[in-house]
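Summary of the model geometry
Single-letter residue listing:
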Amino acid sequence: MIHKFSMQDINIVVDVYSGAVHVVDDAVYDLLDVIEPRLPMANDDCPQDIIHELQEKYSVRQIQEAYREIYELYRQGLLFTEDVYKETAESMSKRSVVKALCLHVAHDCNLRCKYCFASTGSFEGKRSLMSAEVGKKAIDFVINRSGKRRNIEIDFFGGEPLMNFGVVKEIVEYAKAKGKEYNKNFRFTITTNGLLLNDEIKQYINENMANIVLSLDGTKEVNDNMRIRVDGRGCYDDIVPKFIDLAESRNQDNYYVRGTFTRHNLHFAKDVLHLADLGFKQTSVEPVVAPESEDYALREEDLPILFKEYENLAVQYLKRKKEGKGFNFFHFMIDLTQGPCVIKRLSGCGSGHEYLAVTPEGDIYPCHQFVGHEECKMGNVFDGNLDEEIKQQFERSNVYTKPKCMNCWAKFYCSGGCPANAYQFNHDINKPYDIGCELEKKRVECALMIQAALAISDCDDE
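Residues numbered from 1 in each chain as written. Predicted model: local features only at pLDDT ≥ 70, side-chain atom pairs only at ≥ 80, totals over all residues. Heavy atoms only, no water.

Attention now goes to the overall build of the protein chain. When its secondary structure is counted, the protein chain shows 17 helices and 15 strands. Computed over its C-alpha atoms, the radius of gyration of the protein chain comes to 24 Å, within 12% of the 23 Å expected for a compact globule of 462 residues. Based on the C-alpha atoms only, the size of the protein chain along its principal axes is roughly 75 × 50 × 45 Å. By the burial criterion, 54% of the 462 residues in the protein chain qualify as buried. Of the contacts made within the protein chain by residues no fewer than 6 positions apart, 71% connect residues no fewer than 24 positions apart. Accessible surface for the protein chain amounts to roughly 21300 Å². Of this, 46% is attributable to carbon and sulfur atoms. (Helix = DSSP H or I, 4+ residues; strand = E, 2+ residues; numbered from the N terminus. Rg over C-alpha atoms; globule rule 2.2 N^0.38 Å. Buried < 20%, exposed > 50% of the residue type's maximum accessible area, 1.4 Å probe, protein only. Contact = heavy atoms within 4.5 Å. Areas by Shrake-Rupley, 256 points an atom, 1.4 Å probe, with all protein chains shown as cover.)

Dropping the structure here:
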């Protein structure tokens, strides 16, 4: 299987199963469509019927050279390669250990964001804060469930976790002590809206958190339209100076400014660039995921606008990189030299078996976005058990258990998409969210174009 596309006058061909990405000229690009139905290729001698089919557009010599180039890539196993992963997926038998927990230390928030999937922090339940006892039990749980794995990730989440920061610190110190006792290395992250950030909290975060996610949607107008306080006021003016200060204190690394765009700001590139203009080097602006009944929800008819917006953003992103004013945009960061392991490519994030979420009451869910769906509750940290049936559903899920993914060229880039989004829209983790799929494919194309353009630029400079 191959996928080919042109962007910014660059012809790009992706060989899905080898992972090879090729930049080709027009003759090769067009010839691929003619060759594919005629596979396999026997040798590098171009058949006369192919020459006849393309000779009105290209010379015989161009066609023959293009054919030889394609054949050489085919011979090396870099083009039109066979699927070597399906058999692996079908025989894959996981014995997962838990390696990450998302601790909901606060089911409460000091904002009332209109698009909040967590019902403005309550997760469709009562507003509550996690006790230190529950947090410590969660640490005990992950130690017991992590097997021989040494590295464990703990994500502090809400609501707004800074509303319960004293307990956050207790959990961190407890985990560190237990880590020494059981030879475990804990890595901590935290997500915050920033309203409660102060110098003391900043210092503790910088000393103890490997990463921090800072919630900000973009320009003041866009941010304050959706991210509002309990009394209806916006938050931009209060949090931006704090975020800039925190990012600088971390040397512009090991953090993300994370925003959300909605139907109200389909031209979201200006928000991404605004964040870059504020000085942030690590950004991630994501599409909202919401039912169409919400006026801010993305719809299928919005896709052409969003595709163009991603391409426009990619052009500006590339321009700034070349000018030495670059920044990282999460969805454009792609590593073509060493992709993830086979298991990761096939099955994704590990939610429901490697990554779990824990509520303030100690209840366990497949991930933070499943919290509130009672039918998905897997257990409680106080009894230490997990619902094996639910766990196995997530363990078995991969790109080959998802009919829509099997013939998708981008399946090894997204690993089948977000199970929570699939569940929200289709009540089935094996039926991906359609709009999410289309946006992911466009983002991957943009990321590949950026890499290709940078490689061409490097060659031109030599």
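Right, let's talk about the pattern of salt bridges for a bit. Under the criterion given, the structure shown has 31 salt bridges. Among the ionic pairs, Glu72 bridges to Arg75, the shortest N-O distance being 2.5 Å. Of this pair, Glu72 and Arg75 are both found in helix H3 (residues 60–75), three residues apart, which corresponds to roughly one turn of the helix. Its salt-bridge partner being Lys99, residue Glu354 comes within 3.6 Å of it at the nearest N-O pair. Highlighted residues: Glu354 in the loop between helix H12 (342–347) and strand S13 (355–358) and Lys99 in the loop between helix H4 (86–91) and strand S4 (100–104), separated in sequence by 255 residues. (Salt bridge = Lys/Arg side-chain N within 4 Å of Asp/Glu carboxyl O.)

Here we take up the nonpolar core. Of all hydrophobic cores here, the largest spans 125 residues; its most connected members are Leu101, Leu103, Ile154 and Phe156. Here this core takes ten residues from helix H17 (residues 434–461), the largest share from any one element. Look past the residues within four positions of Phe156 in its chain and what remains in contact with it is Leu103, Val105, Pro161, Val168, Ile171, Val172, Phe188, Thr189, Ile190, Thr191 and Met209. (Core = buried A, V, L, I, M, F, W, Y, C linked by side-chain atoms within 4.5 Å.)

Okay, the environment of Gly194 next. Along the polypeptide, Gly194 turns up in the loop between strand S8 (185–192) and helix H7 (199–208). Accessibility expressed as a relative area gives 0% for Gly194, which makes it buried. On a C-alpha basis, the gap between Gly194 and Asp238 in space is 8.3 Å, while along the polypeptide they are 44 residues apart.

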